[in-house]
Amino acid sequence: MEIKQIKVTVNGEPRIIEVEPRLLCVHMIREVLGMTGTHLGCDTTSCGACTVLLDGVPVKSCTLFGIQTDGHEITTVEGLGRPSELHPVQEGFKEEHGLQCGFCTPGMMLTAAALLEDNPDPSDDDIRWAISGNLCRCTGYQNIINSVKWAARKMAAQRTAVSA
Amino acid sequence: MYPSRFHYEAPSSIDEALQLLSVYQGEAKVLSGGMSLIPLMKLRFASPSAIIDVNNIPGLDDLYEDGGQLRIGALVRNRTIIRSDVVRARYPLMASVAPQIADPLVRGRSTVVGSLCHCDPQGDWGAAMLALNAEVVAVSASGERRIPVADFLLGPFQTSLRPDELAIEARVPAPSGQPFGVYHKLERKIGDFATVGVAVFLDRSGSSVTGAGIGLTGVGGTNVKVSAAEEVLVRGGVNDDTIGEAARLAAEVAKPQTDQRGSAEYKLHLVRTFVTRALQTAIGREPIDIRQRRFEDVGALA
Amino acid sequence: MAVDELSVGGLGARVKRVEDDRLIRGKGNFTDDFKLPGMLHMEILRSPHAHARIVSVDTTKAWAIPGVHLVLTGELMAQRNLAWMPTLSYDTQAVMAMDKVRFQGQEVAAVVADDPYIAKDACEAIEVVYESLPAIVNPMQAKAPDAPLIRDDKDGQADNVCYTWEVGDKSMTDRVFERAENVVKLDCYYPRSHPSPIECCGCIADFNPATAKLTIYMTTQAPHIIRTAVALVAELPEHMIRIIAPDIGGGFGNKVPVYPGYVIATLASILVGRPVKWIEDKTGNLISTGFARDMYFHGELAIDRRGKIEGLRIHVDTDNGAFFSDAQPTKFKVGLMHSAFACYDIPYGHLTSQGHYTNKAPGGVAYRCSFRVTEAMFFQERLIAAAASDLGIDPAEFRRVNFVREFPWRTTYGMLLDSGDYDKCLTLALEKLGYEELRKEQAAARKEGRYIGIGISTMTEPLGAGNSREFDIIGIKMFDSAELRIHPSGKAVLKIGSKTQGQGHETTFAQIVAHELGIPSTDILVQHGDTDNTPFGMGTYASRSTPTAGAATSMASRKVRAKARKLAAHLLEVSEDDLEWELGRFYVRDAPQRGVTIQDCALAAYTNMPDGLEPGLENNAYYDPPNMTWPFAAYLAAVEIDPETGVWEVLRFVAVDDCGVRINPMIVEGQIMGGLAEAFAMSNMQFITFDSSGNCIGANYMDYLIPTAWETPKWELHEVVTPCPHHPIGAKGVGECATVGGPAAFVNAVMDAVSHLGVRNIDMPVFSGRVWEAITQQHDVSGFPPLAGH
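The rules behind each value
- Residues numbered from 1 in each chain as written.
- Chains lettered and ligands numbered in written order.
- Predicted model: local features only at pLDDT ≥ 70, side-chain atom pairs only at ≥ 80, totals over all residues.
- Heavy atoms only, no water.
- Helix = DSSP H or I, 4+ residues; strand = E, 2+ residues; numbered from the N terminus.
- Rg over C-alpha atoms; globule rule 2.2 N^0.38 Å.
- Buried < 20%, exposed > 50% of the residue type's maximum accessible area, 1.4 Å probe, protein only.
- Contact = heavy atoms within 4.5 Å.
- Expected span 1.5 Å × (residues − 1).
- Buried area = accessible area lost by both parts, 1.4 Å probe.
- Salt bridge = Lys/Arg side-chain N within 4 Å of Asp/Glu carboxyl O.
- Polar contact = N/O pair within 3.5 Å; in protein donor to acceptor, adjacent residues only side chain to side chain.
- Axes fitted to C-alpha atoms, helices over the stretch in contact; angles between N-to-C directions.
- Parallel < 35°, antiparallel > 145°, perpendicular 65-115°, else oblique.
- Left-handed = near helix turned anticlockwise from the far one by under 90°.
- Nonpolar A, V, L, I, M, F, W, Y, C, P; charged D, E, K, R; others polar.
- Pairing = 2+ DSSP bridges.
- 1 Å grid on protein atoms, 1.4 Å probe; cavity = no way out; pocket = protein on both sides within 12 Å on 5 of 7 lines; lining within 4 Å.
- Points joined across faces, edges and corners; volume = space filled by probe spheres on them.
- Core = buried A, V, L, I, M, F, W, Y, C linked by side-chain atoms within 4.5 Å.
- Domains from an automatic or database assignment.
- Phe/Tyr/Trp six-rings, centres within 6.5 Å; stacked < 30°, edge-to-face > 60°.

A.B. asks: Could you give me a rundown of the overall build of chain A, with the residues and numbers involved?
C.D. replies: Helices and strands together make up the secondary structure of chain A, namely 5 helices and 5 strands. Rg of the C-alpha trace for chain A: 16 Å, near the compact-globule value of 15 Å for 164 residues, within the 12% margin. Oriented by its inertia axes, the alpha-carbon framework of chain A measures out at about 55 × 40 × 25 Å. When each of the 164 residues of chain A is scored for burial, the buried share is 67%. When contacts within chain A are restricted to residue pairs at least 6 apart in sequence, those whose partners lie at least 24 apart make up 56%.

Right under this line is the structure:
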């Protein structure tokens, strides 16, 4: 069995990890790094519950080998905001009831956070488009849209406050 | 869910990659985007003994116009195509295809060249590249080959790439006049494969058509090029008669199967309908469009 | 002074969810998140064939793989009497196939290894030789005279029928139909669907050989029933079994049954003496676990010249798969199918049903169905729409003429409605949609060759199973429970017998206590899911929690309040009769400024008890609901069809729901929107089908289509409130209403758009190809397996 050592920055922290090449990135995150906020929901790269940010770009971590992250940066839900200070997207999901069972939520929030970096003032349709790779069975999506818009408004207010 | 074991190689140059390809003698698969290969490996429909990951090779992710061609490196992601000003301005067919592939997360990794090499009959880029008369550039120890896409896509998951060759680029001829292009894809939801896909390209100078291309998805063993219709449009321009003829010719070469996405009859009808609608749009008529949400109106960045 | 109901998070308060704090941080505890010391991993080998004899199973190569600890086959299971297990419908189900496999995806072997990758490698190394048999994929094939016998394991089973059931008055109904002015008939099919929560099923079975205690972490909506079932099946003492249902990533009825995987993992843990984790993959989930629907309907209405319905005839055939394993009340073989047409005043009706074994996964009752009420209401509204269309009566008016208006009311099939105002609900919905204007727009559009359609779906449905006279599952009555303890500081802990999978019980049940006692809901910790520290409950499904466990919570709180009154009297030195209660406080009637808070009473319970009164402030309640609750709704869909492609898009969707008193409106609205998304999914794209060899199409997310945010329509929600007359806080169930009533609204809208072509029915999912066929051929389109051309 081939084991390789890789260097990955995980939520801002450099880590040295040993992986077998076939170990999927999602399993590397959950089992080797012990971070279970990233979830597994399907076996055909369809649901997006496993979404993480790879160098800031949202990707499905179930369709990436852990070894491919060597030299790169991963952000998981645990790295979205800090325990004491939530990311506005996390706050927005709570404020606007954007989650019910919570299983799709980490992936959904990371995709939303990446969207807001690119597009700070998305329309409803912009949001629906951006999250069309993340499936949710509980919410019917409408409150997720509202959650992302709540976050956008908060981030805009924060930017105004900073520049004031 | 769990792929079989494989040897993992991560070459840092094209030469290294080529050496590895010859060492593994066809037992290795090249990994670029991975959005088609890795799902197959997870279901164990593919169990290559080695993976050659080309994502670390510099210089393969360039997208630029040069020498009368758009040059698309092997690692150019669909996300990059969507964000590209030059594609938006001068390659409208590509700008129409890219957002309709899979979903935004998959588009962040998947590549144009990878899609052509994977050669899924349901692949969207094959239809577009056939319509655009593109070519694939393949290198090996014995040199470089430039393969027209029509000669590259042979059958389901079969290309004319040799086991010792690496595809490093796709090249699309630059438009000489006013380019028109649109991809009509009927998918039951975002992320589904096309029930039917029709790619239409026109290069025009005034009302005369200097170049035309029609490519189809999901209606044959591989993407289908409707060369006969292309000739009709170049000869006769775009009008009611040529539109009808083009639609008829497209349905003639399409060979769809009845499956859970629909009957063969329905798919042929869609081929005719989409060819017609695309060409109607080209001459300023607005075909029926009942969509409540249009991806063209979204500030799509992925 | 009284505390304010909304400020303490009582009824009607849009309290933000307590659950969210951990879930938004990725700190939820889902079954797959737990790691126990020494834990091993299990993978299951599934049959590629739908119907085949097992000739041989060779596990030699699997055992030889390093890291493999155990390989189980049907034979080894049989040696321990575990190859078969009883189902919740008094049938038997294979835990692991022995003589033959009866559906594609059935469990054939299992491997326990150091990690799931190795377990999968070992599964691939198991060599099974099969001998194919013809496969049955629908009830018509099952009934054919030359059909192979699927359940040749059952003594005395000579055919593929698994139940028959009937209700109603046949002779009176026949008489009504004989003299009827109009008879309208409709045949349609409700396709096989699957609840498919994003999180798959799984468990960690941990048998501790030192203590003989079995602990199972499990994705289950009903931990106590599971504990009892495991005790029976595994023959272990019930008090030495602990089921822990942690955070669950969606249930929708998929996580109620006892699946073979749980039983195999439990045996594996007992054999290896270590925890064994089994988490299925999505394919395993879709191909083998409890599916939903798959019902064939024939319905008839006898209608007089004024449009008044006089008689109702229904026959349904259900496809139950290879084993009859439905989780539904024992008395009702086809669930609450007889709730069909409950909101309509129909004097006579007769319903017959028959269930069939086929070579498909077992199930039928699942997926937000309220025990097959989804089927009942879908067929109801499809037949109502067909009747209105055939007779040329406006569909809203036709419903109005026939709505039940007086309560209480005994329905056609004998259920008791206690309250409702269906006309008010429909009228509000029509107003919000702008029905009249939309009809005009539709007429104008038709002249231009555009196809716009409006679909209506109205219904009342029974939720909150259920009263002990009529409802039980394997003999256990369907009550539910709550235990409330107030701490000295006035904070509290509430333990309930239900188990949320996203419905927000940790928030809403605290709100019930806040309403009864005035303790802020944020001061109340809600515990659920662990059978070692919660009272016995029947779990959460069929929208029963608020009606049963919610009522129990209310009753337990009132018992606590009754004891608090004694403490208050003692503190205020008056008699109990001199006291009044207002939210959060007892006060002296004649001197209202003299009072004590509930928190004062709580402290006194531990520090200052009156003579003869036990210390402590706690109580429990087991609630046997006197009747079902009857929420009702009107759903309206407006669609446009592209006549050239058959694609249809939703222009508007208006939902008016009455679920009685809403504990947390934010959560109720979330439930409705989620249910509507599933209704849309089933009407538009989502189904499981089979080819003629029994191959399952729809066993992964490329074939089983779940809408994304892009396809899912926008929802316009409104409400009507008719409190439930018998529920302690006037609440009703609601979680499933939208899934029950929604699909017909979409389908009726599409049918309305093409009705002028003489098309009366297109089976769900209403794919664009089917619409195109209906428009161009001007005929009905059905869609049951096997898949055409395969």
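Still to come is the rest of the account.
A.B. asks: Residue-level account of helix α14 (residues 505–517) of chain C, with values.
C.D. replies: Residue and element names in this part refer to chain C. With 13 residues, α14 should reach 18 Å at 1.5 Å per residue; the first-to-last C-alpha distance of 18 Å fits that figure. Along α14, 12 of the 13 residues are buried, which leaves the element largely enclosed by surrounding structure. By the burial criterion, the buried members of α14 are His 505, Glu 506, Thr 507, Thr 508, Phe 509, Ala 510, Gln 511, Ile 512, Val 513, Ala 514, Glu 516 and Leu 517. Among the residues trailing α14, Gly 518 stands out with phi positive, at a value near 80°.

A.B. asks: Tell me about the interface of chain A and chain C, and name the residues and values.
C.D. replies: Each partner contributes to the interface: chain A provides 46 residues, whereas chain C provides 56 residues. Taken together, both faces of the contact between chain A and chain C bury some 4400 Å²; the carbon and sulfur share is 57%. For the pair chain A and chain C, the interface holds 6 salt bridges. Here Glu678(C) makes a salt bridge to Arg137(A), at a shortest N to O gap of 3.8 Å. Across the chain A-chain C interface, the total number found is 23 residue pairs in polar contact (both at pLDDT 80 or more). Listing elements by their share of the side of chain A that touches chain C, those giving two or more residues are α1 (25–32), α2 (88–95), α4 (124–130) and α5 (142–163) of chain A.

A.B. asks: Residues and numbers for the interface of chain A and chain B, please.
C.D. replies: Many analyses report the size of an interface as the accessible area lost when the parts associate. Contact residues are listed per partner, giving 38 residues for chain A and 38 residues for chain B. Between chain A and chain B the total buried area reaches about 3200 Å² when both faces are included, carbon and sulfur atoms providing 62% of it. Looking only at chain A, the three residues that lose the most surface to chain B are Arg22(A), Phe65(A) and Trp129(A), adding up to 24% of its buried area. At the boundary of chain A with chain B, the tally comes to 4 salt bridges.

A.B. asks: Please provide a residue-by-residue account of unusual backbone geometry, values included.
C.D. replies: Between Phe407(C) and Pro408(C) the backbone carries a cis peptide bond, its omega angle lying at 0°. Structurally, the position occupied by Pro408(C) is in the loop between α11 (395–402) and β19 (409–410). In this structure, Pro786(C) follows Pro785(C) across a cis peptide bond, with omega equal to 0°. Counting through the fold element by element, Pro786(C) comes out in the segment after α19 (768–777). The backbone of Arg44(B) sits at a positive phi, close to 60°, despite the residue not being glycine.

A.B. asks: Quick rundown of the packing of helix α11 (residues 240–253) of chain B against helix α12 (residues 264–282) of chain B? Include the residues and the values.
C.D. replies: Residue and element names in this part refer to chain B. Two elements in contact, α11 and α12, have axes whose closest approach is 8 Å; the angle formed by their N-to-C orientations is 150°. Relative to α12, the element α11 is oriented roughly antiparallel. Crossing of α11 against α12: the hand is right-handed. On α12, the residues touching Ile 243, Ala 246, Ala 247, Ala 250 and Ala 251 of α11 are Leu 268, Val 271, Arg 272, Val 275, Thr 276, Leu 279 and Gln 280. Of the residues belonging to the contact of α11 with α12, the class tally is 9 nonpolar, 2 polar and 1 charged.

A.B. asks: Explain the sheet that holds strand β11 (residues 202–208) of chain C to me, and be specific about the residues and the numbers.
C.D. replies: Residue and element names in this part refer to chain C. Spatially, β3-β7-β1-β14-β11-β12-β13 is the arrangement adopted by the 7 strands of the open sheet, whose pairing is mixed. Lying at the two open borders of the sheet, with one neighbouring strand each, are β3 (68–73) and β13 (241–244). With strand direction ignored, the average angle separating the axes of adjacent strands in the sheet is 20°. The pairing of strand β1 (residues 40–46) with strand β7 (residues 107–113) spans 6 bridges and is classified as antiparallel. Note that in β7 the partner of His 41 across the bridge is Ala 113. Lying on the sheet, helix α7 (residues 223–234) is in contact with β12 (213–218) and β13; it crosses β13 at an angle near 145°. Packed onto the sheet, helix α8 (residues 260–272) meets β1, β3, β7, β11, β12 and β14 (276–279) and runs at close to 30° relative to β11.

A.B. asks: Let's hear about the pattern of salt bridges: which residues, and what values?
C.D. replies: Tallied over the full model, the rule gives 92 salt bridges over all chains. With a closest N to O distance of 2.7 Å, Arg294(B) and Asp289(B) form a salt bridge. Judged by its relative accessible area of 29%, Arg294(B) is partly exposed. Judged by relative accessible area, which is 37%, Asp289(B) ranks as partly exposed. Across the salt bridge formed by Asp532(C) and Lys213(C), the nearest N and O atoms sit 2.7 Å from each other. Of the two residues, Asp532(C) sits in the loop between β26 (524–527) and α15 (545–572) while Lys213(C) sits in strand β12, which places them 319 residues apart along the sequence. Its relative accessible area of 22% is what places Lys213(C) among the partly exposed residues. Connected through salt bridges with shared partners, the residues Arg53(C), Asp91(C), Asp99(C), Lys100(C), Arg102(C), Arg151(C), Asp152(C), Asp153(C) and Lys154(C) form a single ionic network.

A.B. asks: Any details on empty space enclosed by the protein? Residues and values, ideally.
C.D. replies: All names here are of chain C. One pass over the structure, following the stated rule, counts 9 cavities of 30 Å³ or more. Considering only enclosed or pocket space, the largest cavity measures out at about 580 Å³ in volume. As for the largest cavity, its lining consists of 47 residues, of which Gln 503, Thr 540, Ser 543, Gln 671 and Gly 735 are closest to the centre. Of all the elements in the fold, those that place two or more residues in the lining of the largest cavity are α14, α15 and α17 (665–684). In terms of residue class, the lining of the largest cavity is built from 22 nonpolar, 20 polar and 5 charged.

A.B. asks: How would you summarise the sheet that holds strand β27 (residues 579–582) of chain C if you had to cite specific residues and measurements?
C.D. replies: All names here are of chain C. With antiparallel pairing, the 3 strands of this open sheet are ordered in space as β27-β28-β29. The strands lining the two open edges of the sheet, one partner per strand, are β27 and β29 (591–597). For this sheet, the mean inter-axis angle between neighbouring strands, taken without regard to orientation, is 35°.

A.B. asks: Talk me through the nonpolar core; I want residue IDs and the actual numbers.
C.D. replies: Residues and elements named next belong to chain C. Membership of the largest hydrophobic core comes to 188 residues, with the highest contact counts inside it found for Phe 341, Tyr 541, Tyr 635, Trp 648 and Phe 653. Of all the elements, helix α18 (residues 737–754) adds the most residues to this core, at 12 residues. With near-sequence residues (within four places) excluded, Phe 341 lies in contact with Leu 301, Leu 312, Ile 314, Ile 346, Gln 380, Leu 383, Ile 384 and Thr 412. Counting 42 residues, the second-largest nonpolar core is a separate cluster that includes Ile 519, Val 588, Val 596 and Ala 621.

A.B. asks: Could you give an account of the domain arrangement of chain C, naming the residues involved and the relevant values?
C.D. replies: Residues and elements named next belong to chain C. We note that the domain assignment places domain 1 (20–27 + 480–623), domain 2 (34–133 + 200–248 + 255–288) and domain 3 (373–463 + 628–777) within chain C. Across the boundary between the two partners, domain 2 contributes 7 residues, which contact 10 residues of domain 3. Regarding the contact of domain 2 and domain 3, the summed buried area is about 620 Å², with carbon and sulfur atoms giving 61% of it. Looking at the side of domain 2 facing domain 3, the largest losses of area belong to Gln 104, Lys 282 and Leu 286, adding up to 68% of the total buried there. If you look at where domain 2 meets domain 3, you find 0 salt bridges. Counting every contact that joins domain 2 to domain 3 gives 4 residue pairs in polar contact (both at pLDDT 80 or more). Looking at side-chain class alone, the side of domain 2 that touches domain 3 contains 4 nonpolar, 2 polar and 1 charged residues.

A.B. asks: Describe the domain arrangement of chain A, and please don't skip the residues or the numbers.
C.D. replies: All names here are of chain A. Looking at the assigned domains, one finds that chain A contains domain 1 (4–79) and domain 2 (88–159). Domain 1 and domain 2 are separated by 21 Å when their C-alpha centres are compared. Between domain 1 and domain 2, a total of about 1000 Å² is buried, with carbon and sulfur atoms accounting for 66% of that surface. When the buried surface of domain 1 facing domain 2 is broken down by residue, His 39, Thr 51 and Val 77 rank first, second and third, together holding 41% of it.

A.B. asks: An account of the side chain of Asn627(C) is needed here, citing residue identities and associated values.
C.D. replies: Residue and element names in this part refer to chain C. Topologically, Asn 627 is positioned in the loop between β30 (618–623) and β31 (632–641). For Asn 627, the side chain forms a polar contact with the main-chain oxygen of Leu 416, separated by 3.2 Å. In this structure, Asn 627 is in contact with Leu 416, Asp 418 and His 726, ignoring residues within four places of it in sequence.

A.B. asks: A description of the packing of aromatic side chains should follow, citing residues and the corresponding values.
C.D. replies: The geometry of an aromatic ring pair is captured by the separation of the ring centres together with the interplanar angle, meaning the angle of the planes. Residues and elements named next belong to chain C. Across all of its chains, the model carries 38 aromatic pairs over all chains by this definition. For the pair Tyr 163 and Phe 324, a centre-to-centre distance of 5.3 Å together with 25° between the ring planes defines the contact as stacked. A residue pair is termed long-range when its members are at least 10 positions apart, and Tyr 163 in strand β9 (residues 161–168) and Phe 324 in the loop between β16 (309–321) and β17 (348–357) qualify at 161 residues. No difference in accessibility class separates Tyr 163 from Phe 324, as the two residues are buried. With a centroid separation of 6.2 Å and an interplanar angle of 85°, the aromatic rings of Tyr 190 and Phe 379 are classed as edge-to-face. Residue Tyr 190 is found in strand β10 (residues 182–193), and its partner Phe 379 is found in helix α10 (residues 373–391); the two are separated by 189 residues along the sequence. The two residues Tyr 190 and Phe 379 agree in class, both being buried. Put simply, the rings of Phe 341, Tyr 344, Phe 403, Phe 407, Tyr 422 and Phe 632 pair up and form one aromatic cluster.

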